[in-house]
Amino acid sequence: MITRLNHAVLYVRDARLAAEFYTSVLGFRVRATLGEQAYFLQAEGSSNDHDLALMQVGERQAPPHSVGLYHLAWQVRTIEELAQMRDRL
């Protein structure tokens, strides 16, 4: 039922610096920002609103906002399939 990975969100120490890496090295483009606290990036050739979001957490060490993966958004075709996946999980 899952058709693709829609987007990923990462908690990072420095969102601006991380965005610079993904844009200069991997060719992403910045689609939107929330100041310097969050960057929403789109991969070249993507039709997603954003493929990667980078959320700044600074020097925090403990959950719930420590550096690392925050979430992945998987895409399904219909709301019914979403409900089926929820039930399955």
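For the structure, check the block above.
Owing to the predicted nature of the structure, the values given are computational and were not obtained by experimental measurement.

**Notes on the overall build of the chain**
Summing up its helical and strand segments, the chain has two helices and five strands in all. Helices and strands appear in the chain in the N-to-C order β-α-β-β-β-β-α. Counting only C-alpha atoms, the chain reaches 40 × 35 × 20 Å along its principal axes. The buried share of the chain, reckoned over its 89 residues, is 30%. Residue pairs at least 24 apart in sequence account for 57% of intrachain contacts in the chain once pairs closer than 6 positions are excluded. When the accessible surface of the chain is split by element, carbon and sulfur atoms take 55% of a total near 6,000 Å². Charge-centre separation for the chain: the mean point of 9 positive side chains lies 3 Å from the mean point of 10 negative side chains.

**Describing the side chain of H7**
Note on placement: H7 falls in strand β1 (residues 2–12). For H7, a relative accessible area of 14% puts it in the buried group. With residues near it in sequence (within four places) discarded, H7 still touches H50, D51, H71, L72 and A73.

**Observations regarding helix α1 (residues 15–24)**
Every buried residue of α1 is listed here: A15, A18, A19 and Y22. Viewed end-on, α1 has its buried residues packed into an arc of 100 degrees, placing them on one side of the element. Against the buried residues of α1 lie β1, β3 (38–42) and β4 (52–56). Regarding α1, its N-cap is D14, as a side-chain oxygen of that residue lies 3.2 Å from the backbone nitrogen of R16 further along.

**Details of a nonpolar patch on the surface**
Taken together, the side chains of I2, L5, L69, L72 and W74 make up a nonpolar region of the molecular surface, amounting to roughly 490 Å² of accessible area. Counting residues per element, the ones that place at least two in the nonpolar patch are β1 and β5 (68–76). Top element by residues in the nonpolar patch is β5. It accounts for three residues. Of note, L72 is situated in strand β5.

**Examining the pattern of salt bridges**
A complete count under the given rule lists five salt bridges for this structure. A salt bridge links E20 to R16; the nearest nitrogen and oxygen atoms lie 2.4 Å apart. Note that E20 and R16 are positioned in helix α1 at a spacing of four residues, about one turn of the helix. Judged by its relative accessible area of 37%, E20 falls in the partly exposed class. Taking the shortest distance from any N to any O, the salt bridge between D87 and R86 comes out at 3.1 Å. Comparing D87 with R86 shows no difference in burial state: the two are exposed.

Calculation rules
Residues numbered from 1 in each chain as written. Predicted model: local features only at pLDDT ≥ 70, side-chain atom pairs only at ≥ 80, totals over all residues. Heavy atoms only, no water. Helix = DSSP H or I, 4+ residues; strand = E, 2+ residues; numbered from the N terminus. Buried < 20%, exposed > 50% of the residue type's maximum accessible area, 1.4 Å probe, protein only. Contact = heavy atoms within 4.5 Å. Areas by Shrake-Rupley, 256 points an atom, 1.4 Å probe, with all protein chains shown as cover. Lys, Arg positive; Asp, Glu negative; His and termini not counted. Charge placed at Lys NZ, Arg CZ, Asp CG, Glu CD. Arc of directions from axis to C-beta. Polar contact = N/O pair within 3.5 Å; in protein donor to acceptor, adjacent residues only side chain to side chain. Patch = residues over 30% accessible without salt bridge, like charges linked within 9 Å, V, L, I, M, F, W, Y side chains within 5 Å. Salt bridge = Lys/Arg side-chain N within 4 Å of Asp/Glu carboxyl O.

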